[in-house]
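Listed below are the residues making up each chain.
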Amino acid sequence: MNTADQYLKAIYLVQRMEDGPAATGALADMLDVSPASVNEMVGKLQNRGLVDHEKYKGATLTDDGIVRAEDALQTYCIIERFLANVLEVEDYRGEASALEAVIDDTVAERLDTIIDRREECPDCFDAEADQCCYLEAPAGESAD
Amino acid sequence: MSLGQRVATDHQLARLLQIGAVLEEVVESRAYHHLDSFEDEEGVDDDVRHLLEHAAEESAEHRSRLEALIEELDAETVPYEEINKLVEAQYAQTKPEDFDGLLYDQLCNEETAYKFYDDLIEAIEASESEFSIDREQVLDTLRQIREEEAEGVEDVTEIMERRA
């Protein structure tokens, strides 16, 4: 997943949690980057028609941005589910965040052929919990 | 969440190699499922049968090379039988509809594997971290596998072009 898609996903999740525009500070916290980096990328996404940005309020995804963000969130959900249910990784959320930049969408699509994901994905993603609300955490030992 | 594409630790490297091993297991298992499902269908000639058998054998061989690296990193892989069961469980929903779909699925397998190893090599090269395993040994293995995946893409596209 490229950096732009990670931003779009973050904006999507913050918008859901805040029920409004995604503030720069909230995005910086979620992405663990500086507010200046957020402003720079949001500007780029705005130029590409994926985000509307209002000063002092924050970023809001356009319709095209929402489509891209939902795809990115599906990819993230696949990675989380794969880590939790196939590799039985306890810290599947932390590891999914660390690995999402290296896992391409096409790779996630292949992994998707062995996991059980709901049709309503990503609507069932719980932004606060940072995971699908139907995801069962691994019970056994991890594949470490 | 972290931005950027670097492999920083042994743990992260092992995890990515585990993912590579599972991808190979998926390719192997799906190739055998395709052979079973499409055996009696018209159009599955010797070339295609050979392609699928070769893909399955090559994936098993890639997996064993990845497993050797993963073991050196003190991690484990998911046994093939477990992945085979997961493929089995989802195969009915993800099975190609027809013979062209089968070839396309095989092309996706090869292209996806190529992309995965290409990204992984790039991420290791971009990292300045030291791993407990020899970095060049890992890169050599991954580059060889990537090369074989590129050949796999060519093999499938040749058959597709011949049938067009």
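Think of each chain on its own: its residues are numbered from 1, step by step along the sequence as written. Ligands are numbered from 1 and chains lettered from A, in the order in which they are written. Residue-level local features of this predicted model are given only where pLDDT is at least 70; pairs of side-chain atoms are given and counted only at 80 or more, and the full residue set underlies all totals for whole chains, interfaces and linings.

A. Region of interest: the overall build of chain A. Note on conventions: DSSP H or I runs of at least 4 residues are helices, E runs of at least 2 residues are strands, and numbering of each starts at the N terminus. The number of helices and strands found in chain A is six helices and four strands. Each helix and strand of chain A, placed in order from N terminus to C terminus, yields the pattern α-α-α-β-β-α-α-α-β-β. Relative to the compact-globule value of 15 Å for 144 residues, chain A shows a C-alpha radius of gyration of 15 Å, a close match. Remark: residues whose backbone-derived C-beta atoms lie within 7 Å of one another are considered to be in contact. Restricting to contacts in chain A with at least 6 residues of sequence separation, those with at least 24 account for 60%. With C-alpha atoms as the basis for the radius of gyration, the globule rule is written as 2.2 Å multiplied by the number of residues raised to the power 0.38.

B. Spatial organisation of the interface of chain A and chain B. The partner chain B presents 27 residues to the 23 residues of chain A that form the contact. Elements supplying a minimum of two residues to the side of chain A that touches chain B: helix H1 (3-18), helix H2 (24-31), helix H5 (92-99) and helix H6 (105-111) of chain A. Looking at the side of chain A that touches chain B element by element, the count peaks at four residues for H5(A).

C. Up close: unusual backbone geometry. Each neighbour pair has its own omega, and for A:Cys121 with A:Pro122 the value is 10°, a cis peptide bond. In this fold, A:Pro122 is placed in the loop between H6 and strand E3 (125-126). For A:Tyr56, which is not a glycine, the phi torsion comes out positive at approximately 70°. Burial in this document is a count-based property: other C-beta atoms within 10 Å of a residue's C-beta are tallied, and the residue is buried at 20 or more, exposed at 12 or fewer, or partly exposed in between, with C-beta positions derived from the backbone. Taking the number of C-beta atoms within 10 Å as the measure of exposure, A:Tyr56 has 7 and is therefore exposed. Phi is positive for B:Asp74, close to 60°, though the residue is something other than glycine. Note on placement: B:Asp74 falls in the loop between helix H2 (46-72) and helix H3 (80-94). For B:Asp74, a count of 12 C-beta atoms within 10 Å gives the class exposed.

D. Looking closely at the domain arrangement of chain A. Considered domain by domain, chain A is made up of domain 1 (3-66) and domain 2 (76-132). Of the residues in the side of domain 1 of chain A that touches domain 2 of chain A, the class split is two nonpolar, one polar and two charged. Note that the domain bounds were set by an automatic or database domain assignment. Residue type decides the class: Asp, Glu, Lys and Arg count as charged, Ala, Val, Leu, Ile, Met, Phe, Trp, Tyr, Cys and Pro as nonpolar, and the leftover types, Gly among them, as polar.

E. Here's a closer look at the packing of H2(A) against helix H3 (residues 35-47) of chain A. All names here are of chain A. Note on geometry: axes are lines fitted to C-alpha atoms, helical ones only across the stretch in contact, with angles between N-to-C directions running from 0 to 180 degrees. Two elements in contact, H2 and H3, have axes separated by 9 Å at closest approach and are oriented at 105°. By the angle between their directions, the pair H2 and H3 is classed as roughly perpendicular. Together, Thr24, Gly25, Leu27 and Ala28 of H2 and Pro35, Val38 and Asn39 of H3 make up the contact between the two elements. Residue composition of the contact of H2 with H3, by class: four nonpolar, three polar and no charged. Comment on the angle field: the value is read as roughly parallel under 35 degrees, roughly antiparallel over 145, roughly perpendicular from 65 to 115, and oblique elsewhere.

F. Representation of the nonpolar core in the model. Joining buried Ala, Val, Leu, Ile, Met, Phe, Trp, Tyr and Cys residues through C-beta atoms within 7 Å gives a set, and that set is a nonpolar core. A:Leu8, A:Ile11, A:Leu27 and A:Ile79 are the most contacted members of the largest nonpolar core, which has 85 residues in total. Broken down by element, the residue count for this core peaks at twelve residues, all from helix H1 (residues 10-38) of chain B. When residues of this core are assigned to domains, at least three map to each of domain 1 (3-66) and domain 2 (76-132) of chain A. In contact with A:Leu8, other than residues within four places in its own chain, are A:Leu45, A:Leu50, A:Leu61, A:Gly65, A:Arg68, A:Ala69 and A:Ala72.

G. Spotlight on the pairing of strand E1 (residues 51-54) of chain A. Think of it this way: DSSP has to see at least two bridges between two strands before they count as a pair. Two elements, E1(A) and strand E2 (residues 58-61) of chain A, share four bridges in a ladder whose sense is antiparallel. Pairing of A:Val51 across the sheet is with A:Leu61, part of E2(A).

H. Fine view of the confidence of the model for chain B. Residues and elements named next belong to chain B. With 96% of its residues at a pLDDT of 70 or more, chain B has an overall mean of 88. In the model of chain B, H3 stands out as the element of lowest mean pLDDT, 88, in contrast to helix H5 (residues 135-163), which has the highest, 93. Model confidence for the complex is summarised by a pTM of 0.86, with the ipTM given as 0.84. pLDDT is defined as a per-residue confidence score from the predictor, taking values between 0 and 100.

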